[in-house]
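# Overview (structure and organization)
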Amino acid sequence: MMHRTRLRILLVEDAEFEAEITKRALASCDFENAMTRVASGEEALSYLRREPGFEDAEMPHLVLLDLNLPMMGGREVLSEIRRDPSLAHLFVIICSASDEPSEVTKAYQATANAYITKPLGLGPLREMMNKVGDFLLNVIKIP
């Protein structure tokens, strides 16, 4: 795997356990990355828009977006991202425990770039994240 850039990742995840295991998986991946985690959809939008408290936030290359967030859900966050011309270019992957076909369809209808079902365990999650990193860093062009 080539290492052209350090992949900046914004994880939008309200569950502490899920956030921690994702952090551990990314730390052991084969590519350089910097993950920032926010715990709500509102916080994600504030981060991306560099609102107070996030003025120095670096724009991520990838947003890993949980579907089931308190108050503002993942699809709503995705809609806000796509409506904002300064954010619409972001590569957004919906990460969900659900592999329900209707949920997958709704995510793509909301213009997610990809939908992944969260695998169980650190090893499978690391393997999946390595594939995502390889795809973003070596297969496609990201802004």
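An unreviewed UniProt entry lists the protein chain under the name Response regulator, with Novipirellula rosea given as the organism.

Right, let's talk about the packing of aromatic side chains for a bit. Summed over the entire model, instances satisfying the criterion amount to 2 aromatic pairs. Ring centres 5.6 Å apart and planes at 65 degrees place the aromatic pair Y47 and F54 in the edge-to-face group. With relative accessibility at 9%, the residue Y47 sits in the buried group.

Once that is clear, we can look at helix α1 (residues 16–27). The end-to-end C-alpha distance of α1, which contains 12 residues, comes to 16 Å, matching closely the 16 Å that a straight helix rising 1.5 Å per residue would cover. All of the buried residues in α1 are A19, I21, T22, A25 and L26. Taken together, the buried residues of α1 touch β1 (7–12), β2 (33–38) and α5 (122–139).

For N33, the position within the fold is in strand β2. Classification of N33 as buried rests on a relative accessible area of 17%. Among the polar contacts made by the side chain of N33, one reaches the main-chain carbonyl oxygen of L26 at a distance of 3.0 Å. From its side chain, N33 meets the backbone oxygen of F31 in a polar contact 3.2 Å long. Not counting chain neighbours up to four residues away, the residues in contact with N33 comprise R6, L7, I9 and L26.

Our next topic: the side chain of K118. Relative to the elements of secondary structure, K118 occurs in the loop between β5 (114–117) and α5. In terms of polar contacts, K118 uses its side chain to reach the side chain of E13, at 2.8 Å. Reaching out from K118, the side chain makes a polar contact with the side chain of D66 at a distance of 3.3 Å. Setting aside its immediate chain neighbours within four residues, K118 contacts E13, E18, D66, C95, S96 and A97.

About the criteria used
Residues numbered from 1 in each chain as written. Predicted model: local features only at pLDDT ≥ 70, side-chain atom pairs only at ≥ 80, totals over all residues. Heavy atoms only, no water. Phe/Tyr/Trp six-rings, centres within 6.5 Å; stacked < 30°, edge-to-face > 60°. Buried < 20%, exposed > 50% of the residue type's maximum accessible area, 1.4 Å probe, protein only. Helix = DSSP H or I, 4+ residues; strand = E, 2+ residues; numbered from the N terminus. Expected span 1.5 Å × (residues − 1). Contact = heavy atoms within 4.5 Å. Polar contact = N/O pair within 3.5 Å; in protein donor to acceptor, adjacent residues only side chain to side chain.

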